[in-house]
Amino acid sequence: MKKILGSQLRFLVMSILVFGGLYTVVITGVGQLLFSNQANGSQQVVDGKVIGSTLIGQSFRQPGYFAGRSDAVSQLSPVSAEQQALVSERSAALQKENQINEVPIDLVTASASGVDPHISVAAAEAQVSRIAKERNRKETTIRAIIKEKTQKDWFSDRSFVNVLELNVALDKL
C-alpha cells in the first residue's frame, strides 16, 4: 500500500511540475517570443497611453467616430419576430443618424461573442458622410482612411476594417 501511494504521489508531483510549471513557462515563452503583440493583448498605444485593443471591440458612440457592431448579444433566432423588431429598430436609428437608405447588416446585429472589433467596408462606408460632417472634413479624406485600413480575409473575398484603427487614424487627421 505504501509503495503504491508513494508512486502515485511522485507521479502527482511530477505532473504538477511538468504540466503546471514547465509547460506553462514554455508556452508563455514561445508566445512572448513569436507573438508578443498578440500575447500581450494587441494593445493600441497612442502618446504612451493604452487606448484599447485591436482584438476586442470597443463601443464608439460619439458622432465623429466610426461605430462598430452592437455589443448587445442575443440568443434570438434570426427569423424570430423579436430579433426582427430589434434589427428594424436599430436600422431606423442608424438610417436617421447616418442619413442612409440601407444599413449594412453587421451594424444592426451583434457578433457571436459581442466583442468583434471589425466591421465590413460597407458598414464603414455607410458612416462616411456623418463623420465627414462632424469633423468638417471631405468625404474623400474619410474614404481614404477606410481604403488604407481595409484588410482582406484569407479564406474568402470578404473585406473588413478594424474600428479602433479607423478611429485612431481619424484622430490623427
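Residues numbered from 1 in each chain as written. Predicted model: local features only at pLDDT ≥ 70, side-chain atom pairs only at ≥ 80, totals over all residues. Heavy atoms only, no water.

Caption draft 1: Broad picture of the layout of surface pockets. Computed from the structure, the largest pocket encloses a volume of approximately 160 Å³. Taken together, 18 residues line the largest pocket, and the ones lying closest to its centre are Gly 57, Gln 58, Ser 59, Arg 69 and Asp 116. (1 Å grid on protein atoms, 1.4 Å probe; cavity = no way out; pocket = protein on both sides within 12 Å on 5 of 7 lines; lining within 4 Å. Points joined across faces, edges and corners; volume = space filled by probe spheres on them.)

Caption draft 2: Layout of the confidence of the model for the protein. Here the protein averages 87 in pLDDT, and 99% of its residues register 70 or above. When mean pLDDT is taken per element in the protein, helix H6 (residues 139-149) scores highest with 94 and strand S1 (residues 43-46) scores lowest with 83. (pLDDT = per-residue confidence, 0-100. Helix = DSSP H or I, 4+ residues; strand = E, 2+ residues; numbered from the N terminus.)

Caption draft 3: Up close: the side chain of Ser 91. As for its placement among the helices and strands, Ser 91 is situated in helix H3 (residues 81-98). Contacts of Ser 91, omitting those with residues within four sequence positions, involve Val 103 and Val 108. (Contact = heavy atoms within 4.5 Å.)

Caption draft 4: Seen up close, the pairing of S1. Pairing analysis gives four bridges linking S1 to strand S2 (residues 49-53), with the strands arranged antiparallel. In the strand pairing of S2, Val 46 is matched with Lys 49. A loop of two residues connects S1 with S2, the two strands running antiparallel in sequence, and Asp 47 in this loop sits at a positive phi of about 55°. (Pairing = 2+ DSSP bridges.)

Caption draft 5: Seen up close, the sheet that holds strand S3 (residues 118-120). Here we have three strands laid out as an open sheet, ordered S3-S5-S4, and antiparallel in their pairing. Bordering the open sheet on either side are S3 and strand S4 (151-152), each of which pairs with just one other strand. Pairing geometry for S3 and strand S5 (residues 159-162), over three bridges, is antiparallel. Bridging from a neighbouring strand, Ile 119 pairs with Val 161 of S5. Where helix H7 (residues 163-171) meets the sheet, its contacts fall on S3, S4 and S5, and the angle it forms with S5 comes to roughly 60°. (Axes fitted to C-alpha atoms, helices over the stretch in contact; angles between N-to-C directions.)

Caption draft 6: Region of interest: the side chain of Asn 98. Locating Asn 98 in the fold gives a position in helix H3. Take Asn 98: its relative accessible area is 2%, and that puts it in the buried class. Setting aside chain neighbours within four positions, we find Asn 98 in contact with Ala 126, Gln 127, Ser 129 and Arg 130. (Buried < 20%, exposed > 50% of the residue type's maximum accessible area, 1.4 Å probe, protein only.)

Caption draft 7: Quick look at H7. By the criterion of burial, H7 is predominantly enclosed, with seven of the nine residues buried. Residues Val 163, Leu 164, Leu 166, Asn 167, Val 168, Ala 169 and Leu 170 constitute the buried set of H7. Two or three places before Leu 164, at the start of H7, stands the capping residue Asn 162, its side-chain oxygen 3.0 Å from that residue's backbone nitrogen. (Polar contact = N/O pair within 3.5 Å; in protein donor to acceptor, adjacent residues only side chain to side chain.)

Caption draft 8: Representation of the pattern of salt bridges. Following the criterion strictly, the structure yields six salt bridges and no others. Between Arg 143 and Glu 139 there is a salt bridge, and its shortest N-O distance comes to 3.0 Å. On the criterion of helical spacing, the pair formed by Arg 143 and Glu 139 is a turn pair, its members being four residues apart in helix H6. The exposure class of Arg 143 is partly exposed, given its relative accessible area of 34%. (Salt bridge = Lys/Arg side-chain N within 4 Å of Asp/Glu carboxyl O.)

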